[in-house]
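Okay, here's what each chain looks like letter by letter:
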Amino acid sequence: MSGDRLVSALLARRQDQPPAVERIRLPAPGPGEVRVRIRAAGVCHSDLAMIDGTLAPSFPLVLGHEAAGVVTDVGPGTDRVSGGEHVVLNWSPACRTCWHCAAGRPWFCDTSGRPSSARGTTADGEALHVTLGLGALAEEIVVPRHAVIPVPAELPFEEAALLGCAVLTGVGAVRNTARVTAGESVVIIGLGGVGLSAVLAARDAGAGRIVAVDVAESKRGPAMAAGATDFLVSDGGLVRAVRSLTDGRGADHAFECVGRGKTIETAWRSVRRGGGVIVVGMGARDDLISLSALDVFHSGRVLRSSVYGAADPDRDVPLLARDVLAGTLDVSPLITHRISLAEAPSAVDRLVRGEGARSVVSF
Ligand code: APR
Ligand code: ZN
């Protein structure tokens, strides 16, 4: 078809099968759509969730939903951006008209939340699906105009990419959901791109004790670089260790950035009476949590989640971009691997093994 383009992308053919780089065919942007040349894309745990059975997307599936690039073409009726603009991709564009959007909570927009949607075809013509409306681990993508957020051209693409998922989510959990204030104590469990972003935001908020926790000792360096005051390897003595760092009471806030029932329970026991647990990780449907009814009453703790950092990406991504450019938000501790698209399958393997934080693909 005229305007179609063949580009390389990271494609998962089916669940539990390792993804591979393949050629895909993308249509030209239609009315209200834009084409973006991707310049950098992060590999996020939610990409792994697409293929490990946590979510049930349609296949074949282009992975990737954390990216930045340059607008190359705009379809008819698209005045939001123009060719040449640098943009961050938004995997949860808000409709601005549903009940949640009207209530000021675009992260719950009725139109968002599907793991995959149809777009383009494989090179041999099979219908293709893209992750979270994007499929951003690709040389180019075609998306609705509301899925792009203009950012200053001075912002490096690798850092810009992270603003679209890990940073927006982790920072938003601290600022928008927990509203951490100066002097408060926090514990952050799970130090991938999301958890390390929460550490950055806790330091920026002036938190007193910032206890960073992971199963992997290798996360100590990135955690301390991001601003943690303490690092603990998660084991059976974790709750006691957190308490001893927080005057025996427990932390004011705990952030669960793993996405597992057991770590939500640990987070719950790590906070003081009246403290708050923020579930940032996306767990599996059949992974249940167990809390004592008496303890829920007596502890006075609050359990809530933070979806996409309870952020309005159109408002918050430009603010985060400004902070990065001003040097007040240094996201470099998140980037542990800089790779090419051909190396992206190995980045998915690292997520399985819990190695490193963000692998960022440069195009
Ligand atoms: N206790 C502590 N840390 C753990 C545990 C555990 N039981 N299990 C895993 N971890 C650590 C891993 O070692 C890793 O450092 O959690 C971290 C998860 O990091 P990533 O896999 O890089 O995940 P990330 O992309 O940061 O996303 C975290 O947020 O948005 C959601 O879907 C996303 O659920 C995922 C979570
Ligand atoms: Zn993500």
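Below is a summary of the structure that appears in this document. Not measured: the values here are computed from a predicted model.

## Here's the deal with the coordination of the zinc ion (ligand 2)
Around the zinc ion (ligand 2), the protein contributes the donor atoms Cys44 (SG), His65 (NE2) and Cys165 (SG), at 2.0 to 2.3 Å from the metal centre. Every donor residue of the zinc ion (ligand 2) comes from the same chain, spaced as C-x20-H-x99-C. In this pair, Cys44 sits in the loop between strand S3 (33-43) and helix H1 (45-51) while His65 sits in the loop between strand S4 (61-62) and strand S5 (67-74), placing the two residues 21 residues apart along the sequence. Of the two residues, Cys44 and His65, both sit in the buried class.

## A closer look at helix H9 (residues 313-326)
With 14 residues, H9 ought to run about 20 Å at 1.5 Å a step, and its terminal C-alpha atoms sit 19 Å apart, in line with that. Those residues of H9 that sit buried are Pro313, Asp316, Val317, Leu320, Ala321, Asp323 and Val324. The arc that holds the buried residues of H9, viewed along the axis, is 160°, so those residues lie on one side. Every exposed residue of H9 that faces more than 90 degrees away from the buried side is listed here: Arg322 and Ala326.

## Side note on the side chain of Ser185
Within the fold, Ser185 resides in the loop between helix H3 (157-178) and strand S11 (186-189). Here Ser185 falls in the buried class, since its relative accessible area comes to 10%.

## Overview of the site of ligand 1
His45, Ser46, Asp214, Lys219 and Met282 are the nearest of the 22 residues found near ligand 1. Taking Gly192, its main chain carries an N or O atom lying 3.4 Å from an oxygen atom of ligand 1. Note that an oxygen atom of ligand 1 is positioned 2.8 Å from one of the backbone N or O atoms of Met282. Surface burial for ligand 1 is 90%, taken as the share of its 730 Å² of free accessible area covered by protein chains. When contributions to the shell around ligand 1 are tallied by element, the ones reaching two or more residues are H1 and helix H4 (193-204). Counting contributing residues per domain, the shell around ligand 1 is built from domain 1 (5-164 + 331-362) and domain 2 (169-308), each supplying no fewer than three.

## Regarding the packing of H3 against H9
Put simply, H3 and H9 touch, their axes get as near as 10 Å, and they point 105° apart. Judged by the angle between their axes, H3 and H9 are roughly perpendicular. Here Glu159, Leu163, Val167, Leu168, Val171, Arg175 and Asn176 of H3 lie close against H9, whose contacting residues are Pro313, Arg315, Asp316, Val317, Leu320, Ala321, Asp323 and Val324. Taken together, the residues of the contact of H3 with H9 sort by class into 9 nonpolar, 1 polar and 5 charged.

Conventions we followed
Residues numbered from 1 in each chain as written. Chains lettered and ligands numbered in written order. Predicted model: local features only at pLDDT ≥ 70, side-chain atom pairs only at ≥ 80, totals over all residues. Heavy atoms only, no water. Donors = N, O, S within 2.8 Å, 3.2 Å for Na, K, Ca; no water. Helix = DSSP H or I, 4+ residues; strand = E, 2+ residues; numbered from the N terminus. Buried < 20%, exposed > 50% of the residue type's maximum accessible area, 1.4 Å probe, protein only. Expected span 1.5 Å × (residues − 1). Arc of directions from axis to C-beta. Near = heavy atom within 4 Å. Polar contact = N/O pair within 3.5 Å; in protein donor to acceptor, adjacent residues only side chain to side chain. Areas by Shrake-Rupley, 256 points an atom, 1.4 Å probe, with all protein chains shown as cover. Domains from an automatic or database assignment. Axes fitted to C-alpha atoms, helices over the stretch in contact; angles between N-to-C directions. Parallel < 35°, antiparallel > 145°, perpendicular 65-115°, else oblique. Contact = heavy atoms within 4.5 Å. Nonpolar A, V, L, I, M, F, W, Y, C, P; charged D, E, K, R; others polar.

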